[in-house]
Amino acid sequence: MSGRIAHRGLRSKVVSAAQAAAHIRPGDNVGMSGFTGAGHPKAVPRALADMLSEHRARGEDFRIGVWTGASTAPELDGALAEADGIELRLPYQSDPVSRAKINAGTMEYIDVHLSHVAQMAWEGFLGRLDVALVEVAGITEEGDLVPSTSVGNNKTWIDLADKVILEVNTRQPLELDGMHDIYYGTALPPNRRPLMITRPDDRIGVPHFACPPDKVVAIVETDAPDRHTLFKPIDEDSRAIAGHLIDFLELEVKAGRMPADLLPLQSGVGNIANAVLAGLGDTRHRGLTAYTEVLQDGMLDLLESGTLRFASATAFSLSPAGAAHFNENIGSFQGRVLLRSQEISNHPEVIRRLGVIATNGMIEADIYGNINSTHVMGSAIQNGIGGSGDFARNAYVSAFVTPSTAKGGALSCIVPMVSHVDHTEHDVGVVITEQGLADLRGLAPRRRAQRIIDQCAHPDYRPMLQDYFDRAVSGAWGRQTPHLLGEALSWHTRFMETGTMRLP
């Protein structure tokens, strides 16, 4: 036994992954830890997938509902999807096997704003939660649980589930203890109270999860790494997008709309986000803060350089090199990093109060600023909305970023009308591509359209978009947000039919 389980009574509950998986029955809803590949259970999902495959080989139907914080890893989402063991998945996923089954209609998927999941579970809209399967870094003598590298919805899963299965992962450093803020004051209406967070480094909770020992039915000891994200080198498009955003922030400071140390930063996951963070490291700004979902390599670099003073999130999302560096230098990050439940990290009240600068990715934007961040060609899900909506509607500045083209230039990411709407024009303040930045704040729809065409569209597609817009202005039934509906949607069908957006 590893020594990570200090509670005497719980030591007797250590079993194999297969024995733990046997506590999960057909039709169960299972709340699993994990957020962007951090802190997910490593052993029991694989054992569960093997058990599901055995049942399927005997002609027995064995499928479960899988609830998480966000995306997880191949040994969880991928393994269970391969075994045809997932009936329903929520609230966010990025696994290619799961994606294929969702788009084939063989797996149901609920795409939910991340801040809404815990509330929906408590209200009973998702049904009964039968089992919580949660990775922790250790168990104290009192039976409290030391959280791992993500918090996500773990508090809610532990509280609501009939049975709790724990994976105690010795690969996770014990120095994580103290880096978490688990809030137990949430309530449903009409009993809600304000969250007393006025700065990103405010603590309002406790460092551990509370769980009655008699609720724990099995504990599995593991020694396995998180799924670390492999980031590509920063390319010219990402560097250009980052430059436009940083120039914009400098102008905001000069105009007196932001302080010199800016406002708390939030950024989605990916190369563009890391490019923006790297760019901030080259500016004069120091003492910045972050109130975000995930901590990426770029934020660790900013913390070490002093550019970033403090970062609040719900999970890590690091490269292999970034994770190794964090673990080797974890002491230097203590007191400067805080992980919260995602219902707090993504809470609209806090985001609005702090005045967060939100930067998120998208698949496409239309000329009026509506954003599609989840679907390809209108009907095929890519990953999910994640927390972008939580931040977009409530941020002080809401920016969406993308290269202006995709598929080697065959597809414009600026279109007359998006094929699926995740964020309406009312929630979008800034659109950025490598071509430029369109500040849409305070502009009526037609002015927004002209600015997006002029500043964000690729030169190859700008004439087509301008021609569409001019004809819509003169020929549409109304002039507030003029569209030629059939032609607007033909942009997407043209690509599906020919593989190109270019006109003959």
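Model, not experiment: these values are computed from the prediction. Numbering of residues starts from 1 in every chain and runs along the sequence as written. pLDDT decides what is reported in this predicted model: residues at 70 or higher carry local features, side-chain atom pairs at 80 or more are listed and counted, and totals for whole chains, interfaces and linings draw on all residues regardless. Remark: hydrogens and water are excluded; side-chain values derive from all non-hydrogen atoms of the structure.

## Comments concerning the overall build of the protein chain
Short version of the rule: A run of DSSP states H or I qualifies as a helix once it reaches four residues; a run of E qualifies as a strand once it reaches two. Both are numbered from the N-terminal end. The globule rule used here is 2.2 Å times the number of residues to the 0.38 power, and the radius of gyration it is set against is calculated over C-alpha atoms. Relative accessible area decides the class of each residue, using a 1.4 Å probe on protein chains only: under 20% of the type maximum gives buried, over 50% gives exposed, and in between gives partly exposed.
Counting secondary structure elements, the protein chain contains 18 helices and 26 strands. Here the protein chain has a C-alpha radius of gyration of 23 Å; the compact-globule value for 504 residues is 23 Å, and the two agree. For the protein chain, the spread of C-alpha atoms along the principal axes amounts to about 75 × 55 × 45 Å. Counting across all 504 residues of the protein chain, residues that qualify as buried make up 59%.

## Observations concerning helix α10 (residues 297-305)
Since the α-helix packs 3.6 residues into each turn, any two residues three or four apart lie on the same face. Every buried residue of α10 is accounted for by Asp297, Gly298, Met299, Leu300, Leu302 and Leu303. Among the residues trailing α10, Gly306 stands out with phi positive, at a value near 90°.

## What about helix α4 (residues 74-82)?
Here is the rule we go by: We call two residues contacting when some pair of their heavy atoms lies within 4.5 Å.
Within α4, seven of the nine residues are buried, leaving the element largely enclosed by the surrounding structure. Among all positions in α4, only Glu75, Leu76, Asp77, Gly78, Ala79, Leu80 and Ala81 are buried. Among the structural elements, β1 (29-32), α3 (44-57), β2 (64-67), β3 (86-90) and α5 (96-104) are those in contact with the buried residues of α4.

## What to know about the environment of Phe125
Turning to its location among the elements, Phe125 is positioned in the loop between α6 (117-123) and β5 (131-139). Judged by relative accessible area, Phe125 falls into the exposed class, the value being 60%. Sequence spacing of Phe125 and Ala49 is 76 residues, and the spatial spacing of their C-alpha atoms is 27 Å.

## Focus: the pattern of salt bridges
If the charged atoms of two oppositely charged side chains come close together, the side chains can form a pair. Definition in use: Any Lys or Arg side-chain nitrogen found within 4 Å of a carboxyl oxygen on Asp or Glu counts as a salt bridge.
A complete count under the given rule lists 23 salt bridges for this structure. In this structure, Asp84 and Arg56 form a salt bridge, with 2.8 Å as the shortest nitrogen-oxygen distance. With a gap of 28 residues between them, Asp84 in the loop between α4 and β3 and Arg56 in helix α3 connect regions that are remote in the sequence. On the basis of relative accessibility, which here comes to 31%, the residue Asp84 falls in the partly exposed class.

## Some thoughts on the sheet that holds strand β17 (residues 364-366)
Two pairing modes exist for strands in a sheet, parallel and antiparallel, and in both the strands are linked by backbone hydrogen bonds. To keep it simple, the criterion reads: Any two strands between which DSSP finds at least two bridges are classified as paired.
Pairing is mixed across the open sheet formed by three strands, whose spatial order is β18-β17-β24. Each having just a single partner strand, β18 (371-372) and β24 (414-415) make up the two edges of the open sheet. Note that β17 and β24 share two bridges and pair parallel. Looking at the pairing, Asp366 lines up with Val415 of β24.

## Re unusual backbone geometry
That bond from Leu90 to Pro91 is cis: its omega, 0°, falls within 30 degrees of zero. Mapped onto the secondary structure, Pro91 falls in the loop between β3 and α5. Of note, the bond from Pro189 into Pro190 is cis; its omega dihedral lies within 30 degrees of zero at 10°. Assignment of secondary structure puts Pro190 in the loop between β8 (180-181) and β9 (216-222).

## Observations regarding the packing of aromatic side chains
Definition in use: Each Phe, Tyr or Trp ring, with Trp reduced to its six-membered ring, pairs with another whose centre is within 6.5 Å; inter-plane angles below 30 degrees give stacked pairs, above 60 give edge-to-face pairs, and intermediate values give tilted ones.
Throughout the structure, instances matching the rule amount to three aromatic pairs. Their ring planes at 50° and their centres at 4.6 Å tell us that Phe316 and Phe326 sit as a pair that is tilted. Here Phe316, found in strand β14 (residues 315-316), pairs with Phe326, found in helix α11 (residues 320-328); they are 10 residues apart in sequence, far enough to count as distant. Taking the relative accessible area as the measure of exposure, Phe316 reaches 4% and is therefore buried.

## What about the side chain of Ser404?
Counted only if it meets this: Any pair of nitrogen or oxygen atoms within 3.5 Å is treated as a polar contact; in protein, a donor-acceptor pairing is required on top of that, and neighbouring residues in sequence qualify only through side-chain atoms on both sides.
Positionally, Ser404 belongs in the loop between β21 (397-401) and β22 (405-406). For Ser404, a relative accessible area of 0% corresponds to the buried category. Within the local environment of Ser404, its side chain forms a polar contact with the side chain of Glu434, the two groups lying 2.5 Å apart. Sequence-distant contacts of Ser404, defined by excluding residues within four places in its chain, comprise Leu411, Ser412, Cys413, Ile414, Thr433, Glu434, Gln435, Cys456, Ala457 and His458.

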